[in-house]
Amino acid sequence: MTLAYQDYLKMDKLPHMWCSGCGDGIVVRAIAEALTELNLEKDKVVIATGIGCWGKADDYFTTHAFHGTHGRALPYATGIKLANPDVHVLVLMGDGDAATIGGNHFIHAARRNIDLTAIVVNNFNYGMTGGQYSATTPLAARTSTSPKGVPEPGFDVSNLAEAAGANFVARTTAYHAVNMRKLIVQAMTKKGFSLVEVLSSCPTYFGRYNGYSPAVNMMKYLRELGVPKAKYEQLPEKEKEEHFPTGVLTDKDREDFLTIYKRLNNVKMRGGTNG
Ligand SMILES: Cc1ncc(C[n+]2csc(CCOP(=O)(O)OP(=O)(O)O)c2C)c(N)n1
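Under an unreviewed UniProt entry, the name given to the protein is Thiamine pyrophosphate-dependent enzyme, and the source organism is Metallumcola ferriviriculae.

Encoded structure:
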């Protein structure tokens, strides 16, 4: 029996805790719709999170969940997947969780190519703790800890995962909700480390400091910020710096960690998408 997207959600917990205009709720719905499309049983899905606004997302799902410490969602998720190869593990992280405090875990999970799907909601700042700048805050953007503009360029989360060895990397924005669901489905059906980076809105902090108020202006900013990859490649260099390519950015079939582990150790492991 196919479950409706609402079956994967704790509907009695709605409305959610996030600020109005925040992109997190849009991503929650896209994940629930993706689970419906993939027709997954609730107990075959584990959601692992760290700490942050987006790190609270596991509160809204009826699947299994593991809520850990800031920056450590991927190590927990790795353990969960290795112990239970037959479950789908979704790892929900903010840009702080994934690329700032958790940056080292992030690149190594991609290098290992462990069979997980990471969904990084990149709102360009530390939303939960008051809008401080993170490793993805764009150069010169204003935050509560960079009132005159951050003097460092931001990490490109997708590039980082791709360079480290991820099998599947895709990027979208909170404005492009339908596209987001499709990319999550693709990522979850891909063996190996897959990433969907969602450029998202934080009107309360990032938007307010950077001229995207009211909240709808932050959404309009995202609509312009993400440019489909083929079109992005035609842009002049200056415009490339001000936009992000979206869609599927990397899609390859490098062997995942468990497959290699089994071969090297000549072991049979129970279940799993690894055969
Ligand atoms: C070891 C540790 N350092 C710092 C914190 C404080 N802290 C909690 S959430 C957070 C930032 C969250 O930002 P991000 O991951 O980008 O998620 P968002 O809240 O923007 O969704 C920080 C610094 C913590 N909980 N633990």
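A. Just the site of the ligand, in detail. What surrounds the ligand is a group of 16 residues, the closest being Cys 53, Gly 96, Asp 97, Gly 127 and Met 128. Between an oxygen atom of the ligand and a main-chain N or O atom of Asn 125, the distance comes to 3.1 Å. For the ligand, an oxygen atom lies 2.8 Å from a polar atom in the backbone of Gly 127. Notes on the ligand: free accessible area 590 Å², of which the protein chains cover 73%. Elements represented by at least two residues in the shell around the ligand include exactly α3 (95-100) and β5 (125-126). No other element matches the three residues that α3 contributes to the shell around the ligand. Per-class residue counts for the shell around the ligand are six nonpolar, eight polar and two charged.

B. Expanded view of the pattern of salt bridges. With the rule as written, the count across this model stands at 14 salt bridges. With a shortest N-O distance of 3.2 Å, Lys 56 and Asp 59 are connected by a salt bridge. When its relative accessible area of 27% is taken as the criterion, Lys 56 is described as partly exposed. Between Asp 251 and Lys 190 there is a salt bridge, and its shortest N-O distance comes to 2.6 Å. Pair noted here: Asp 251 is in strand β10 (residues 244-251) and Lys 190 is in the loop between α6 (177-188) and β8 (194-199), with a separation of 61 residues, a long-range link. Salt bridges sharing common partners tie together Arg 29, Glu 33, Glu 37 and Arg 181.

C. Geometry of the UniProt feature "domain: Thiamine pyrophosphate enzyme TPP-binding" (unreviewed entry) in the protein. Those residues carrying the UniProt feature "domain: Thiamine pyrophosphate enzyme TPP-binding" (unreviewed entry) are residues 59-198 in this numbering. Secondary structure over residues 59-198 splits into 34% helix and 23% strand, and the C-alpha atoms at its two ends are 19 Å apart.

D. Spatial organisation of the nonpolar core. Counting residues in hydrophobic clusters, the biggest one holds 45 residues, and the most contacted among them are Ile 31, Trp 54, Leu 90, Leu 92, Ile 119 and Ile 184. For this core, the element with the highest residue contribution is helix α1 (residues 24-38), accounting for seven residues. Beyond its immediate sequence surroundings of up to four residues, Trp 54 is in contact with Trp 18, Asp 24, Val 27, Val 28, Ile 31, Leu 92, Met 93, Gly 94, Ile 119 and Val 121. The next biggest cluster of nonpolar side chains, apart from the first, holds 28 residues, and it includes Val 91, Ala 110, Ala 118 and Val 157.

E. Main features of the environment of Phe 61. Looking at the secondary structure, you find Phe 61 in the loop between β1 (45-49) and β2 (64-67). For Phe 61, a relative accessible area of 2% corresponds to the buried category. Sequence-distant contacts of Phe 61, that is, excluding residues within four places in its chain, are made with Tyr 8, Leu 9, Lys 10, Val 28, Ile 31, Ala 32, Ile 47 and Leu 92.

F. The pairing of strand β3 (residues 88-94), seen in detail. Counting buried residues along β3, six of its seven residues qualify, which places the element largely inside the surrounding structure. Bridge analysis of β1 against β3 gives five bridges, and the strand direction is parallel. Opposite Val 46, over in β3, you have Val 89 as the bridge partner. In the sheet, β3 pairs with strand β4 (residues 117-122) via five bridges, with the strands oriented parallel. What sits directly across from Gly 94, in β4, is Val 121.

What counts and how
- Residues numbered from 1 in each chain as written.
- Predicted model: local features only at pLDDT ≥ 70, side-chain atom pairs only at ≥ 80, totals over all residues.
- Heavy atoms only, no water.
- Near = heavy atom within 4 Å.
- Polar contact = N/O pair within 3.5 Å; in protein donor to acceptor, adjacent residues only side chain to side chain.
- Areas by Shrake-Rupley, 256 points an atom, 1.4 Å probe, with all protein chains shown as cover.
- Helix = DSSP H or I, 4+ residues; strand = E, 2+ residues; numbered from the N terminus.
- Nonpolar A, V, L, I, M, F, W, Y, C, P; charged D, E, K, R; others polar.
- Salt bridge = Lys/Arg side-chain N within 4 Å of Asp/Glu carboxyl O.
- Buried < 20%, exposed > 50% of the residue type's maximum accessible area, 1.4 Å probe, protein only.
- UniProt positions renumbered as here; feature names shortened; annotations may be inferred.
- Core = buried A, V, L, I, M, F, W, Y, C linked by side-chain atoms within 4.5 Å.
- Contact = heavy atoms within 4.5 Å.
- Pairing = 2+ DSSP bridges.

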